[in-house]
Amino acid sequence: MIRKSADTIIAAALFAVVFIVYMLTVAPTISFWDTGEFITCAVTMGIPHPPGAPLLSLVGRVMSIIPFYDFRGDGLAHIAYRINLISVITGALTILLLFSVIVRLIERSSERKRELRERWPLLFAAALASLMAAFSHQFWENAIETETYMPSIFLSMLALWLTLKWEERKNDPAAIRYMFLAAYLIGLGIGVHLYVLLMVPAIALIVFFAKPKAFRDIRLWTGMFAMLVLLGLLRTLGGKPVLYILMGLTAAAGPFLMHRMYRKAADQWKIVLAAVMTCFALFFVGYSVYPTIPVRAAKQPSINEGAPDNWARFKDYLERKQYLPENMYTGMFTRKAPPSYQFGYMYARYLFQQFPVWGPTPSLTFRNDRSAELPNQTVDIQRKVPLSLLLWLLLLLGVAVHAIKDRRRFLAVIAYFLATSVGLVLYLNMANPEVRERDYFFLGSFLIVHVWLAFGIWGMFLWISDQLTKRGKVALVMPVSVAAAILLSTMAPAAILSRHINRDYTQYQSHDRSGDLIPLEYGMNILASCEKDAVLFTHGDNDTYPVWYAQEVLGFRKDIRVVNVSLLNGPWYAAQLRDQGVKLPLSLSDKDLMELVYGQSQVAERNLRWKAEGQTVTMAGISWDLPPSYSYQLQDGSKAAYLSASAWMTAYIIKEINWSRPIYFAVTIAPEALIGLEPYLQMEGMVFRLTNERVEGLGHAVAREALEKNINERYRFSAVDDPAVYKSPETRRLLLNYFVGYGELVKQYLVAEEHDKAIETAETALKKHRPDIDHRVALFAILREGGIPEKADSYMQEEIAGINYDSFNTALSTAMTFISYEFYNDAAAVFLELTKRYPNQSIAWKGYSGALFGAGKYQECLDIIDRILEKNPVDREALTYKQIILGKMEEMEK
């Protein structure tokens with residue numbers, strides 16, 4: 001009783017602490033990426049991107065109508081907050097389950113002890129490791145916004161916990177109900193994410209090792225093999241419809257029939273077979289949440305991705321045909337990037353990021369040569385992550401302790417770890433570069449390493465006890481153990497206060513979304529840029545999902561028809577634009593769409609076949625050069641080029657609208673999605689407006705009046721200039737779109753010689769949006785070239801005064817940025833300081849000479865190069881540079 005009471009009290013305390021912290025830091029509304037889509041689909045019962053998350057949508061719909069109150073000040077303002085609580089609740093419950101699972105795993109590795117005096121090291125280790133998991137970077141990140149991974153991990157851990165409960169009572173026939181419930185939950189969890197399936201091998205191993213004799217009868221394996229063969233034949237002969245019908249029949253009748261077989265079976269193998277088949281039947285019962293997708297799709301909700309309202313489209317939806325032109329299983333054998341990238345940069349780097357700075361913590365540097373922002377260029381990206389030596393030693397000790405003391409359950413745990421780490425790396429086969437960080441994929445493996453951390457902490461207490469006992473100092477066991485526990489307990493505050501994700505913010509600050517309205521205002525500002533009844537083309541997640549939420553949930557600017565050009569590659573989406581919501585005047589029937597664009601017909605082939613150098617098209621009274629969307633080399637050496645269905649449809653929509661409505665493109669849209677229309681676009685802030693006036697020699701025009709009104713009157717910046725609101729690197733990149741608009745407005749004021757307005761706008765942009773060094777210096781260059789060099793110099797002096805010379809790479813990068821915008825004298829000042837502080841860094845001396853060269857100080861530049869050559873006469877770069885300088889000096893003399 002004492003043992004159970006202590007476990008319950010600690011578990012409840014853990015839940016309370018974690019729940020409170022998550023409630024304090026949860027996002028008040030939508031976040032960037034998929035959260036806006038999932039929340040909008042939950043409120044409207046729409047259909048999100050394949051393969052969907054029907055259970056999340058159903059639960060989210062229920063949460064959306066419960067008036068949860070946000071005590072941080074927003075009250076009942078945001079429906080999204082209510083749905084975000086799904087992650088908060090499941091996250092805190094997962095930590096509770098993790099604690100319970102760790103306790104059970106450690107107890108199975110040792111003799112069970114009932115007295116709290118003997119059990120406290122075990123409970124301490126489990127509680128501390130659970131807290132470390134709760135406040136690790138990726139777990140915390142997923143617990144404060146609506147995503148599929150946290151509910152999925154919760155259902156996985158609940159299924160594992162139920163399996164361990166069954167194992168405790170495995171000799172009690174009634175205990176099988178735990179396994180039945182676990183099977184049902186895994187099936188149900190697929191309605192959130194397929195991630196739950198990765199727990200199945202671990203559960204199977206635990207069951208097998210718990211009762212190995214029950215699986216020795218060849219008749220059991222023969223029966224299961226026969227059923228699999230029969231299932232395969234039905235799938236092959238009847239296709240997926242027969243398979244799903246069989247699943248439905250099994251779900252409807254299977255539990256009852258298998259239960260009768262289980263009750264009447266006399267042979268052990270029949271009992272086991274009946275139990276296994278019952279688990280399959282209950283799994284299908286849980287999976288039955290998926291038919292809600294075609295049911296809702298048939299109702300034509302405002303968001304209906306894939307339109308899976310018939311069997312053909314539903315099958316394509318489940319198979320993710322919208323995203324996966326190739327089979328991911330066969331594609332695994334053709335790697336899209338080197339192992340050093342996939343296993344190092346895209347997994348090991350994330351794994352190390354989960355642990356805080358605690359004790360001796362050197363840094364590991366991970367490098368990559370590609371960037372999503374510059375996909376066609378070779379870059380040098382360096383990411384430093386902490387290597388907390390003591391934490392990793394404890395973790396490795398835990399792996400060894402678990403493997404030695406309980407080999408069977410260790411195999412089960414490591415099976416899940418490998419499935420959620422190595423297995424996912426192989427399956428996902430990520431290309432270089434990825435459009436965003438993908439650490440959330442591996443959340444399960446990050447959770448498991450904390451199980452081994454608990455084993456390591458517990459193993460350390462065992463070692464202390466053993467060593468002191470061997471030396472006859474039993475009386476010291478307790479005080480030494482307590483002292484060690486006090487020292488180890490500092491890990492928990494370190495997990496919250498560490499600055500390893502962003503050195504300017506603690507873990508708490510970098511995960512605090514309490515005032516983050518940036519994504520919501522981002523979407524609303526895009527919509528606010530457009531005139532009434534406009535057509536707005538968007539492209540990706542972050543310029544579409546916040547807009548959907550603003551329109552469908554808040555009812556903001558529903559007069560605007562949003563067209564996502566990525567979805568425009570599907571015929572179902574073109575039909576929706578024609579038939580639903582704010583309808584577009586498209587004259588093509590469903591048959592025409594397939595015949596002319598989306599089908600495999602010769603007509604579609606001719607329509608989409610394009611010249612490799614592009615073709616001039618005339619639509620809606622304007623003519624422009626439309627480049628092909630893609631091309632490839634033919635055997636005869638020529639190129640075959642094509643338009644994508646999306647590009648063809650974009651041009652067709654412009655033609656059909658024919659200026660009856662304003663047409664806009666979000667500034668976030670990819671250049672290729674603009675289909676060569678840049679000469680007819682004018683920037684108005686967060687959007688480009690399509691006009692019938694061509695601008696020659698420029699990428700696009702700027703509408704000063706509209707831009708000025710949008711930035712100064714229409715846009716909401718309540719969170720952008722709030723220093724308390726954390727801006728992740730991805731958020732900062734998105735916010736640069738605002739800054740670019742300010743920069744364009746500054747240019748307009750300078751052209752009009754309205755210098756006071758230019759300075760005021762520049763200062764507002766710098767204060768509100770705090771851009772990176774590159775964009776700041778670009779703005780200074782605009783002021784310099786626009787006739788206000790003294791203001792540019794003033795800003796540059798402020799930049800130089802704020803340089804942190806203790807970081808050589810940061811100061812070096814700043815100086816190189818100065819050079820790229822031709823602030824040569826300022827760059828020379830920075831390099832000079834670097835040479836004083838780091839006299840042995842030849843790159844600083846070379847940078848100094850380059851800055852002097854740009855400033856026209858050739859003799860001083862030559863003196864620096866000669867100094868470099870004195871130390872290293874065979875420096876090829878310096879020798880080449882010297883010839884260039886001498887040539888320039890001769891040219892100047894002439």
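Residues numbered from 1 in each chain as written. Predicted model: local features only at pLDDT ≥ 70, side-chain atom pairs only at ≥ 80, totals over all residues. Heavy atoms only, no water.

**With respect to the sheet that holds strand β9 (residues 639-642)**
Rules: Pairing between strands requires that DSSP locate at least two bridges from one strand to the other. Numbered from the N terminus, helices here are DSSP runs of H or I no shorter than four residues, and strands are runs of E no shorter than two.
The strand order β5-β9-β8 describes an open sheet built from three strands, whose pairing is antiparallel. On the outer flanks of this sheet lie β5 (609-610) and β8 (630-633), each paired with one strand and no other. Inspection of the sheet shows β8 paired to β9 by four bridges, in the antiparallel sense. Residue pairing in the sheet places Y630 in a bridge with Y642 of β9.

**Points about empty space enclosed by the protein**
Quick note on the threshold: The definitions used throughout rest on a 1 Å grid laid over the protein atoms alone, on which a cavity is an enclosed set of points accommodating a 1.4 Å probe that cannot get out and a pocket is an open set flanked by protein within 12 Å on both sides along at least five of seven lines; lining residues are those having an atom within 4 Å of a point. Grid points are joined across faces, edges and corners, and a volume is the space filled by probe spheres set on the points. Here the nonpolar group is Ala, Val, Leu, Ile, Met, Phe, Trp, Tyr, Cys and Pro; Asp, Glu, Lys and Arg are the charged ones; every other residue, Gly included, is treated as polar.
Throughout the structure, instances matching the rule amount to two cavities of 30 Å³ or more. Computed from the structure, the largest cavity encloses a volume of approximately 70 Å³. For the largest cavity, the full set of lining residues is M45, G46, I47, P48, G52, A53, P54, S57, T292, I293 and R296. Partitioned by chemical class, the residues of the lining of the largest cavity number six nonpolar, four polar and one charged. By volume, the second largest cavity is sized at about 60 Å³. Lining the second largest cavity are L105, L160, M199, A202, I206, A412, V413, Y416 and I448.

**Quick look at the sheet that holds strand β11 (residues 681-683)**
What the six strands build is an open sheet, ordered β4-β3-β10-β12-β11-β13; its pairing is mixed. Strand pairing shows two members of the sheet lacking a second neighbour, β4 (561-564) and β13 (701-702), which therefore form its edges. Relative to strand β12 (residues 687-690), β11 runs antiparallel, the two being bridged by three bridges. Among the inter-strand pairings, L681 is bridged to a residue of β12, identified as L690.

**Regarding the pattern of salt bridges**
Close approach of charged atoms allows side chains of opposite charge to pair. To be explicit about the condition: Put simply, a salt bridge is a Lys or Arg side-chain nitrogen that is within 4 Å of an Asp or Glu carboxyl oxygen. Only protein chains enter the accessibility calculation, which uses a 1.4 Å probe; a residue is then buried when its area is under 20% of its type maximum, exposed when over 50%, and partly exposed in between.
Inspection of the entire model under this criterion finds 36 salt bridges. In this structure, D70 engages R72 in a salt bridge whose closest nitrogen and oxygen atoms are separated by 2.9 Å. Residue classification places D70 among the buried positions, given a relative accessible area of 2%. The class of R72 is partly exposed, set by a relative accessible area of 27%. One salt-bridge network, in which partners are shared between bridges, spans R104, R108, E167, E168, D406 and R409.

**Brief notes about the packing of aromatic side chains**
Rules: Only the six-membered ring of Trp is used, alongside the rings of Phe and Tyr, when aromatic pairs are assigned; centres must lie within 6.5 Å, and planes under 30 degrees apart are stacked while those over 60 apart are edge-to-face, with the rest tilted. Charge-over-ring placement is defined geometrically: NZ (Lys) or CZ (Arg) within 6 Å of the ring centre, and within 35 degrees of the ring normal.
Taken as a whole and judged by the stated rule, the model has 46 aromatic pairs. An angle of 80 degrees between the planes, with centres 6.4 Å apart, marks the rings of Y22 and F135 as edge-to-face. Taken together, the residues span a long stretch of sequence, with Y22 in helix α1 (residues 2-25) and F135 in the loop between α5 (116-134) and α6 (137-142) at a distance of 113 residues. An aromatic cluster of at least three residues, connected via ring pairs, comprises Y149, Y195, Y347, Y350, Y440, F441, F442 and F446. Seen from the ring of Y178, R177 lies directly overhead, with NZ or CZ sitting 5.1 Å from the centre. In this arrangement the basic side chain of R349 is found over the ring face of Y345, its NZ or CZ atom lying 4.0 Å from the centre.

**With respect to helix α19 (residues 443-470)**
What counts here: In a helix, the anticipated span is given by 1.5 Å times the number of residues less one.
When the terminal C-alpha atoms of α19 are compared, their 41 Å separation across 28 residues agrees well with the 40 Å that a helix rising 1.5 Å per residue should span. For α19, the buried fraction is high: 21 of the 28 residues fall into the buried class.

**Focus: the environment of I144**
Here is the rule: The criterion used for residue contact is that any of the two residues' heavy atoms lie within 4.5 Å.
Relative to the assigned elements, I144 resides in the loop between α6 and α7 (149-168). A C-alpha to C-alpha distance of 9.8 Å links I144 and V21, two positions 123 residues apart in sequence. For I144, the residues in contact, after removing those within four places along its chain, are Y22, T25, V26, A27, S87, H511 and R513.

**What about a nonpolar patch on the surface?**
What counts here: To count toward a patch, a residue needs a relative accessible area over 30% and no salt bridge; like charges are then connected within 9 Å, while nonpolar side chains (Val, Leu, Ile, Met, Phe, Trp, Tyr) are connected within 5 Å. Per-residue and other accessible areas follow the Shrake-Rupley method at a 1.4 Å probe size, with only the shown protein chains counted as cover for residues.
A surface patch of nonpolar side chains, amounting to about 440 Å² of accessible area, comprises F225, V229, L233 and L237. Tracing the chain through its elements places L233 in helix α10 (residues 218-264).

**Details of the packing of helix α35 (residues 824-837) against helix α36 (residues 842-854)**
Inclusion rule: For helices, the axis comes from a line fit to the C-alpha atoms of the stretch in contact; other axes are also lines fit to C-alpha atoms, and the angle between any two N-to-C directions lies between 0 and 180 degrees. Roughly parallel means an angle under 35 degrees; roughly antiparallel means over 145; roughly perpendicular covers 65 to 115; every other angle is labelled oblique. What makes a crossing left-handed is the near helix being turned counterclockwise from the far one by less than a right angle; a clockwise turn instead makes it right-handed.
As a packed pair, α35 and α36 sit with axes 8 Å apart at the nearest point and diverge in direction by 155 degrees. Relative to α36, the element α35 lies roughly antiparallel. Read as a crossing pair, α35 and α36 show a hand that is left-handed. When α35 is examined against α36, the residues Y824, A827, A828, F831, L832, L834 and T835 are found in contact with a partner set consisting of A844, W845, G847, Y848, A851, L852 and G854. A per-class count over the contact of α35 with α36 returns 11 nonpolar, three polar and no charged.

**Let's talk about the side chain of S529**
How we decide: In protein, a polar contact means a hydrogen-donor-capable atom and an acceptor-capable atom, both N or O and within 3.5 Å, with residues adjacent in sequence counting only if both atoms are side-chain atoms; elsewhere, any N or O pair within 3.5 Å suffices.
For S529, the location among the structural elements is in the loop between α23 (518-528) and β3 (535-538). Here S529 falls in the buried class, since its relative accessible area comes to 1%. Within the structure, the side chain of S529 is placed 2.7 Å from the backbone oxygen of N525, a separation counted as a polar contact. Each residue touching S529, except ones within four places of it in the same chain, is listed here: Y664, E684, M686, V687, N710, R714 and Y715.

**Looking at the nonpolar core**
For the record, the criterion: In these notes, a set of buried Ala, Val, Leu, Ile, Met, Phe, Trp, Tyr and Cys residues joined through side-chain atoms within 4.5 Å is what counts as a nonpolar core.
Core analysis: the biggest nonpolar cluster contains 303 residues, and F442, M649 and F665 have the highest contact counts within it. Ignoring sequence-local partners within four residues, the contact set of F665 consists of L536, F537, T650, I654, A673, L674, L677, L681, M686, V687 and F688.

**Let's talk about a positive patch on the surface**
What counts, and what does not: Note that His is not counted, nor are the chain ends; the positive residues are Lys and Arg, and the negative ones are Asp and Glu. Taken as the charge location is NZ of Lys, CZ of Arg, CG of Asp or CD of Glu.
On the surface, a cluster of positive charge is contributed by K213, R216, R407 and R408. Following the sequence through the fold, R216 ends up in the loop between α9 (200-210) and α10.

**Re unusual backbone geometry**
P51 follows P50 through a cis peptide bond whose omega is 0 degrees. Residue position: P51 is located in the loop between α2 (35-44) and α3 (54-64). Here the amide bond leading from N432 into P433 is cis, since omega sits at 10 degrees, within 30 degrees of zero. Summarising the element assignment, P433 is placed in the loop between α18 (422-428) and α19. Look at D533: it is not a glycine, yet its phi comes out positive at around 60 degrees. Structurally, the position occupied by D533 is in the loop between α23 and β3. At I675, a position not held by glycine, the phi torsion is positive, near 45 degrees.

These results come straight from atomic positions and should not be treated as a statement about function.
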